[in-house]
Amino acid sequence: MKVGDLVKLKYPRKPQHGGTGVIVENDKTFLSLPNSPNYFRVIWAESQNDSWLKQEQIEVINERTNN
């Protein structure tokens, strides 16, 4: 996963949580710690709200390609 990828929640709790979003930031604060989760900031297409989510919570729908 990387910035620019189109993602969705793996297990949405409510139907309205099933939308798509774009990864806009990768939090690398805890990468040096063993077994630390990798967090991504996602902006959702419909609501324009953002969320910080663990890598395990989201799945890539479409990967950004380098231009």
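Residues numbered from 1 in each chain as written. Predicted model: local features only at pLDDT ≥ 70, side-chain atom pairs only at ≥ 80, totals over all residues. Heavy atoms only, no water.

K.L.:
Even after reading the chapter, I still don't get the overall build of the protein chain, so can you show me in this structure?
P.N.:
What the protein chain contains, in helices and strands, is zero helices and five strands. Counted from the first residue to the last, the protein chain has its helices and strands arranged as β-β-β-β-β. Classification of the 67 residues of the protein chain by burial places 16% in the buried group. Sequence separation of 24 or more characterises 40% of the internal contacts of the protein chain that already satisfy a separation of 6 or more. Total accessible area on the protein chain stands at roughly 5000 Å², and carbon and sulfur atoms take up 47% of it. (Helix = DSSP H or I, 4+ residues; strand = E, 2+ residues; numbered from the N terminus. Buried < 20%, exposed > 50% of the residue type's maximum accessible area, 1.4 Å probe, protein only. Contact = heavy atoms within 4.5 Å. Areas by Shrake-Rupley, 256 points an atom, 1.4 Å probe, with all protein chains shown as cover.)

K.L.:
What is the right way to look at the nonpolar core in this model?
P.N.:
Proteins that are soluble and globular tend to have nonpolar side chains buried together. In terms of nonpolar packing, the biggest core is built from eight residues, these being Val7, Leu9, Ile23, Phe40, Val42, Trp44, Leu53 and Ile58. Counting residues per element, the ones that place at least two in this core are strand 1 (6-9) and strand 3 (39-44). Per element, the largest residue contribution to this core is three residues, and it comes from strand 3. Aside from chain neighbours lying at most four places away, what touches Leu53 is Leu9, Asn38, Tyr39, Phe40, Val42, Trp44 and Ile58. (Core = buried A, V, L, I, M, F, W, Y, C linked by side-chain atoms within 4.5 Å.)

K.L.:
Quick question: what am I supposed to make of the sheet that holds strand 4 (residues 50-54) here?
P.N.:
Strand order in the open sheet formed by five strands is 4-3-2-1-5, and the pairing between neighbours is antiparallel. The outermost strands of the open sheet, each flanked by one partner alone, are strand 4 and strand 5 (58-62). Neighbour-to-neighbour, the strand axes of the sheet open up by a mean angle of 45°, direction not taken into account. Direction of pairing for strand 1 relative to strand 5: antiparallel, over a ladder of four bridges. Bridge pairing links Leu9 to Ile58 in strand 5. (Pairing = 2+ DSSP bridges. Axes fitted to C-alpha atoms, helices over the stretch in contact; angles between N-to-C directions.)

Geometry only, nothing functional implied.
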